[in-house]
Amino acid sequence: MNLTPVPREHYRIGVPQSGAYREALNSDATEWGGGGYATRGRAEATPTPFHGFSQSVDLTLPPLSVLVLV
């Protein structure tokens, strides 16, 4: 979630598994009435420890939005 009016580029979060994660939901998508801020649509986990996990992903978070990754 990004509950600020500022987009967040290169926002890193720890993830439980290696591999690719795809966007299942982007609440900023125009189909949901959002502004359509460009995101990558998927993220590849890298072996960079973060948030207590041994791998993490680098995301673009649109302003005032929620991303769900699977």
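From a predicted model like this one, the values you see are computed outputs, not experimental measurements.

(A) How the structure looks around unusual backbone geometry. In this structure, His-10 is a non-glycine residue whose phi angle is positive, near 55°. Mapped onto the secondary structure, His-10 falls in strand S1 (residues 8-15). Residue His-10 is classed as exposed on the basis of its relative accessible area, which comes to 57%.

(B) Structural detail: the sheet that holds strand S5 (residues 67-69). On the basis of which strands lie adjacent, the open sheet formed by 3 strands has the order S3-S2-S5 and antiparallel pairing. For this open sheet the edge positions go to strand S3 (42-44) and S5, each flanked by a neighbour on one side alone. The mean angle between the axes of side-by-side strands here comes to 30°, regardless of whether they run parallel or antiparallel. Two strands pair when backbone bridges link them, and strand S2 (residues 20-26) and S5 are joined in this way by 3 bridges, in the antiparallel orientation. Note that in S5 the partner of Leu-25 across the bridge is Val-68.

(C) Region of interest: the pattern of salt bridges. This structure, assessed with the given rule, holds 2 salt bridges. Note that Asp-58 is salt-bridged to Arg-40, the shortest N-O span being 3.7 Å. A residue pair is termed long-range when its members are at least 10 positions apart, and Asp-58 in strand S4 (residues 55-61) and Arg-40 in the loop between S2 and S3 qualify at 18 residues. Judged by relative accessible area, Asp-58 falls into the buried class, the value being 18%. The partner of Glu-44 in a salt bridge is Arg-42, and the shortest N-O contact between them spans 3.9 Å. Classification of Glu-44 as partly exposed rests on a relative accessible area of 47%.

(D) Highlighting the environment of Leu-3. The topology assignment puts Leu-3 in the segment before S1. On the accessibility criterion, Leu-3 (62% relative accessible area) is exposed.

(E) A look at the environment of Phe-50. Tracing the chain through its elements places Phe-50 in the loop between S3 and S4. With relative accessibility at 33%, the residue Phe-50 sits in the partly exposed group. Considering only alpha carbons, one finds Phe-50 and Leu-64, 14 residues apart in sequence, at a separation of 24 Å. With residues near it in sequence (within four places) discarded, Phe-50 still touches Arg-12, Ile-13, Gly-14, Gln-55 and Ser-56.

Conventions we followed
Residues numbered from 1 in each chain as written. Predicted model: local features only at pLDDT ≥ 70, side-chain atom pairs only at ≥ 80, totals over all residues. Heavy atoms only, no water. Helix = DSSP H or I, 4+ residues; strand = E, 2+ residues; numbered from the N terminus. Buried < 20%, exposed > 50% of the residue type's maximum accessible area, 1.4 Å probe, protein only. Pairing = 2+ DSSP bridges. Axes fitted to C-alpha atoms, helices over the stretch in contact; angles between N-to-C directions. Salt bridge = Lys/Arg side-chain N within 4 Å of Asp/Glu carboxyl O. Contact = heavy atoms within 4.5 Å.

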